[in-house]
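Single-letter residue listing:
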Amino acid sequence: MAKPIVAKDAVQGAGASAKNGSVTAKSPAPKAAPAAKPAPVAKPAPVAKAAPAAKPALATKPAAAPAPKASRPPATAKARSSSKAAGRRHSISVLAGDGIGEEVIREGLKVLDAVAEIEGFVLDRKMLPYGADHYLKTKEAMPAAALEEMGKSDAIYLGAIGDPRVETGFLERQIIWGVRQTFDLFVNLRPIRLYHEDLCPLKDKKPADVDMIVVRENTEDAYAGLGGIHRKGTPWEVAVAEMIYTRQGVERVVRYAYELCKKRNKKRRLTLVDKANAIRAQDIWTRTFAEVGKEFPEVEQDHAYIDAACMWMVKNPEWFDVVVTPNLFGDILTDIGAMIQGGLGIAASGNIHPGKVSMFEPIHGSAPKYRGLNSANPVAAIEAGKMMLDHLGETKAARRIESAVRNAIETKRIRSLKAGAYKCDEVGDMIREGVRTGAGM
Ligand code: IPM
Ligand code: MN
């Protein structure tokens, strides 16, 4: 048992230092950084210099995540929407879900319909009933046949899932994780952009300082569900949750992040966020990041441990351009990201498998206590709709939504993204109007 003890010591060391404010156990770079700006972190050590080819070592699909055959993503979105002459049509599966999901999705669809009309395409939609109400009525959470149907659409538009009447995490696992896993949506794309300094809780940070994209791995890690609880409720209870990383799983998301960073063409800096000093299994991220990076000499390789990355996010968010990180850290880091861009009322995400059916959703949860009050802010759902249009190739329409949202915030017609600040449908109407008049274009 020598290894676990060493690993545990390492974790305690880092934890202790974090608690008493010392950074000695952290990445050396932040410690040496001048107050104004984080020092460039050294490139990840090319540990695997002699590592063989770019060929992934693992040739099989991860055992943890076999996608049901029937619901494998079908043809590419491109192939399916190629009937240009007959007018562009995209089919979307809409899963409003629980709590405020329904109201924010209603506003999102309102905006999507307006932009579709202007840009000349049609969104055919299929409304799906899954979520807590449906489950409590029917005991049906996410039927395989529904997943199969969703696989035939071009994209999935999700509101929010989660309800206190149902066992913690059950619906989230069946529906959110179920879709992510079934369609192998290995990228969770989370742009973090501040549209107005008044929305940022950080002192003296301007829109130019908060402009980054987090690429969160979306199919592995502690989320894979490997483990469980043994001898539950006894004094000998054992609880295990394995963090798993496959070479293929890491490589594809890392490559996606490099490509995005290059294409985005801002700072051209890709930051790997991990905890490879304490969780040595994450050395697979260190090595893969360095190896894939050889294909992208134009992209600067940067690194931060997750604890330090949280610190930098609030201290010097301007340091970040594109971030790539494992599933769990990405989940946590992007809630900080949501806050510095104005709150959960605006943060959106895409669960993506490039070229295949993908799912778009606000980062916020179902907020059951706000359900039906018409007080939730639908901007995050509207932004998720924008990301969906980008994925469907409707980039002009996506820009139109982005401009309308940005304009409403810049001109201070939306001054707060908090629930209750405005009526949900009032914000939806405002953005729809902006879309129609080309506000901010
Ligand atoms: C998110 C959510 C989910 C996650 C939950 C609801 C399972 O927090 O999309 O960030 O942890 O992935
Ligand atoms: Mn989350």
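The structure this text deals with has already been given above.
These notes cover the structure that comes with them. (Residues numbered from 1 in each chain as written. Chains lettered and ligands numbered in written order. Predicted model: local features only at pLDDT ≥ 70, side-chain atom pairs only at ≥ 80, totals over all residues.)

1. A few points about the pairing of strand β10 (residues 322-325)
Now for step 1: Residues V322 and V324 point to one face of β10 and V323 and T325 to the other, with burial holding for every one of them.
Now for step 2: Here four bridges tie strand β5 (residues 211-217) to β10, and the two strands are oriented parallel to one another. What sits directly across from V214, in β10, is V323.
Now for step 3: Where strand β8 (residues 269-274) lies against β10, three bridges are found, and the strand directions are parallel. Within β10, the position partnered with T271 by the bridge is V323. (Buried ≥ 20, exposed ≤ 12 C-beta atoms within 10 Å, placed from the backbone. Helix = DSSP H or I, 4+ residues; strand = E, 2+ residues; numbered from the N terminus. Pairing = 2+ DSSP bridges.)

2. Details of the sheet that holds β8
Now for step 1: Sheet architecture is open: 10 strands sit in the order β2-β1-β3-β12-β11-β4-β5-β10-β8-β9, paired in mixed fashion. If you trace the sheet from one side to the other, it starts and ends with β2 (121-128) and β9 (300-305), each paired once. Adjacent strand axes in the sheet meet at a mean angle of 25° when their direction is disregarded.
Now for step 2: As paired elements, strand β3 (residues 155-160) and strand β12 (residues 358-362) share three bridges and run parallel to each other. (Axes fitted to C-alpha atoms, helices over the stretch in contact; angles between N-to-C directions.)

3. Structural notes on the site of ligand 1
Now for step 1: Taken together, E172, I176, D331 and I363 make up the full set of residues near ligand 1.
Now for step 2: The class makeup of the residues in the shell around ligand 1 is two nonpolar, no polar and two charged. (Near = placed C-beta within 6 Å. Nonpolar A, V, L, I, M, F, W, Y, C, P; charged D, E, K, R; others polar.)

4. A look at the packing of helix α12 (residues 379-391) against helix α13 (residues 395-410)
Now for step 1: At a minimum axis separation of 7 Å, α12 and α13 run at an interaxial angle of 160°. In terms of orientation, α12 and α13 fall into the roughly antiparallel class. Every pair of crossing elements has a handedness; the one defined by α12 and α13 is left-handed. Judged by residue contacts, V379, I382, E383, G385, K386, L389 and D390 of α12 engage T395, A397, A398, I401, E402 and V405 from α13.
Now for step 2: Classifying every residue of the contact of α12 with α13 gives seven nonpolar, two polar and four charged. (Parallel < 35°, antiparallel > 145°, perpendicular 65-115°, else oblique. Left-handed = near helix turned anticlockwise from the far one by under 90°. Contact = placed C-beta atoms within 7 Å.)

5. Topic: the nonpolar core
Now for step 1: Of all hydrophobic cores here, the largest spans 120 residues; its most connected members are I156, V215 and A257.
Now for step 2: Leave out the neighbours within four places in its chain, and A257 touches V215, L270, V322 and V324. (Core = buried A, V, L, I, M, F, W, Y, C linked by C-beta atoms within 7 Å.)

6. Looking at the pairing of β3
Now for step 1: The element β3 is extensively covered by neighbouring structure, given that six of its six residues are classed as buried.
Now for step 2: Summarising the sheet, strand β1 (residues 88-97) and β3 pair through five bridges and their orientation is parallel. Paired with S93 across the strands is I156, a residue of β3.

Shape is all these values report; function is a separate question.
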